[in-house]
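# Secondary and tertiary structure notes
Chain by chain, the residues:
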Amino acid sequence: MKQLIYPIVLVITALGVGFGLSYYSLEQGRELTATHYGVWSGWPELGTAQIDPYARAHLARQGMLPLGKGEGVRFFAQRDTNGDTLSGRCEYSVRGHMPNHALWTIQVRDPGTNQVFGHAESGQMQFSSDGAFDLAIAPKVKPGNWVNTDRLGRIELLLTLYDTNAFTNLGSEEIELPQVQLEAC
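Here's a quick rundown of the structure. (Residues numbered from 1 in each chain as written. Predicted model: local features only at pLDDT ≥ 70, side-chain atom pairs only at ≥ 80, totals over all residues. Heavy atoms only, no water.)

### Here we look at the overall build of the protein chain
- Within the protein chain, the secondary structure is distributed over 2 helices and 10 strands.
- Shown N-terminal to C-terminal, the secondary structure of the protein chain runs as helices and strands in the order α-β-β-α-β-β-β-β-β-β-β-β.
- Residue burial in the protein chain is summarised as follows: out of 185 residues, 38% are buried.
- Pairs at least 24 apart in sequence give 66% of the contacts found in the protein chain among residues at least 6 apart. (Helix = DSSP H or I, 4+ residues; strand = E, 2+ residues; numbered from the N terminus. Buried < 20%, exposed > 50% of the residue type's maximum accessible area, 1.4 Å probe, protein only. Contact = heavy atoms within 4.5 Å.)

### Looking at the sheet that holds strand E6 (residues 116-121)
- Spatially, 6 strands are ordered E1-E2-E3-E9-E5-E6 in an open sheet, and the strand pairing comes out antiparallel. Single-partner strands in this sheet number two, and they are strand E1 (35-37) and E6. For this sheet, the mean angle separating the axes of adjacent strands, direction not counted, is 25°.
- Relative to strand E2 (residues 40-42), E1 runs antiparallel, the two being bridged by 3 bridges. Considered in E2, the bridge of Thr35 is made with Gly42. (Pairing = 2+ DSSP bridges. Axes fitted to C-alpha atoms, helices over the stretch in contact; angles between N-to-C directions.)

### A few points about the nonpolar core
- Core analysis: the biggest nonpolar cluster contains 28 residues, and Trp40, Val94, Leu135, Ile137, Leu157 and Leu159 have the highest contact counts within it.
- Elements with a contribution of two residues or more to this core: strand E3 (72-77), strand E4 (91-96), strand E5 (103-109), strand E7 (133-138) and strand E9 (156-162).
- Residues in contact with Ile137, not counting those within four places in the same chain, are Cys90, Glu91, Tyr92, Val94, Val108, Val147, Thr149, Ile155 and Leu157.
- Counting 8 residues, the second-largest nonpolar core is a separate cluster that includes Ala34, Trp43, Ile51 and Leu158. (Core = buried A, V, L, I, M, F, W, Y, C linked by side-chain atoms within 4.5 Å.)

### Regarding the side chain of Glu156
- With respect to the element layout, Glu156 can be found in strand E9.
- Under the relative-accessibility criterion, Glu156 is labelled buried at 1%.
- Side chain to side chain, Glu156 and Gln78 meet in a polar contact 2.8 Å long.
- A polar side-chain atom of Glu156 sits 2.8 Å from a polar atom in the side chain of Arg109. (Polar contact = N/O pair within 3.5 Å; in protein donor to acceptor, adjacent residues only side chain to side chain.)

### Considering the state of the cysteines
- Counting across every chain of the model gives 1 disulfide.
- Covalently, Cys90 is tied to Cys185 through a disulfide, its sulfur atoms 1.8 Å apart. Here Cys185 lies in the segment after strand E10 (179-184) and Cys90 lies in the loop between E3 and E4, a separation of 95 residues in the sequence. (Disulfide = S-S within 2.5 Å.)

### What about the environment of Glu183?
- Residue placement: Glu183 occurs in strand E10.
- Glu183 gets classed as partly exposed once you look at its relative accessible area, which sits at 44%.
- Sequence separation of Glu183 and Ile137 is 46 residues, and the distance between their C-alpha atoms is 9.5 Å.
- Of the polar contacts made by the side chain of Glu183, one reaches the side chain of Arg95; its length is 3.3 Å.

### Some thoughts on the sheet that holds E10
- A sheet is described by the order of its strands in space; here 4 strands give the open sequence E8-E7-E4-E10, paired in mixed fashion. Sheet topology places strand E8 (145-148) and E10 at the edges, where each strand pairs with a single neighbour. Sheet twist, expressed as the average angle between the axes of neighbouring strands with direction ignored, equals 25°.
- Summarising the sheet, E4 and E10 pair through 5 bridges and their orientation is antiparallel. Paired with Glu91 across the strands is Ala184, a residue of E10.

Okay, structure coming up:
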């Protein structure tokens, strides 16, 4: 009897682990192969033939079309610089400079539904004399550059750099993207 149960348990365990890891890779596994720039995660190779199979499967499952490498690059942030999960009930400041680009946008999204609740674009921003910007991400109106979080629970920031060549060169790992800092909660 033991000789019959052992192979059955082994096969069931192997199938469970295999299907479980595949499901995780498709649903939550985008971070496994992402390139990290501070709090931002992205895949500069997404619109090329060198896309990894996990990122390709994630895109197919989400029904998303990647931008071509010459068209732009997307990055996601789900945590602030302290490592805490972003919340729509808190106030954040996105500060810094952007790499070479023609246009950029930042969207506030619900990570569960991917619904966009607010956005800002470089053409509407006020910049300091050195080219830096300061964008408030908050549920209440703020002076200057501001994006509404609509008092959501968890939020995700989506940064898209259009027409950028910053990630095509060797050494692009040294590029710095803006910081996301908690101001109040």
